[in-house]
Amino acid sequence: PYDPDPDPDSGTHEITYSLHPHKGNWKKAGSDLRAWELNNPLTAVVCGSHKGELPGSHSFVGVEPANLVVTALKQAEDGKGLVLRFYEGHGKAVNARIKFGWPVKEAIETDLLEQQVKKLKPSKNPSVLPTGRGVFGETARGVITRGLK
């Protein structure tokens, strides 16, 4: 018997796959990014024109280098700020450069339970955060930003 599905291989199954021919290894070719894009397609929402403070084009957050993968930008569980979650996907330690699209009053590095690891200096934009090795090494990081300057 299987749990939670007692009959897992019956019925119609739908799968999606993609071929990504490339030179070199998967890291240089960006195969991990292509896979992420396939499994998480961008959803556009059309709305009418309205007044607002933001420009016609705006980025809420930018993360470099390219081997860092943003998995979430969400409200903190305590409701006091935003959490940026990301991980390093190529198995090498790097310095994360994080640029927020708003002035940051306070920035805190967290674990996945949003418990403080250390306070960051948000005076610079982009902020630089050393990351450990990802993939089979260190796990994901979170950054909580609180309030606007």
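Scroll up to find the structure.
In this text, all values refer to a predicted model and were calculated from it rather than measured experimentally. (Residues numbered from 1 in each chain as written. Predicted model: local features only at pLDDT ≥ 70, side-chain atom pairs only at ≥ 80, totals over all residues. Heavy atoms only, no water.)

(A) Representation of the pattern of salt bridges. Applying the stated criterion across every chain yields a total of 5 salt bridges. For R97, the salt bridge goes to E64, with nearest N and O atoms at 3.5 Å. Placement of the pair is R97 in strand 4 (residues 95-100) and E64 in strand 1 (residues 61-64), with a sequence separation of 33 residues. A salt bridge links E114 to K74, with the nearest nitrogen and oxygen atoms 2.9 Å apart. With E114 in the loop between strand 5 (106-110) and strand 6 (116-120) and K74 in strand 2 (residues 68-75), this residue pair connects regions lying 40 residues apart in the sequence. In this structure E114 comes out as buried when scored by relative accessible area, which is 14%. Connected via shared salt-bridge partners are K74, E77, R85 and E114. (Salt bridge = Lys/Arg side-chain N within 4 Å of Asp/Glu carboxyl O. Helix = DSSP H or I, 4+ residues; strand = E, 2+ residues; numbered from the N terminus. Buried < 20%, exposed > 50% of the residue type's maximum accessible area, 1.4 Å probe, protein only.)

(B) Spotlight on the environment of T110. By secondary structure assignment, the location of T110 is in strand 5. When the C-alpha atoms of T110 and L84 are compared, they prove to be 9.7 Å apart, with 26 residues separating the residues in sequence.

Function-wise, these values are silent; they only describe arrangement.
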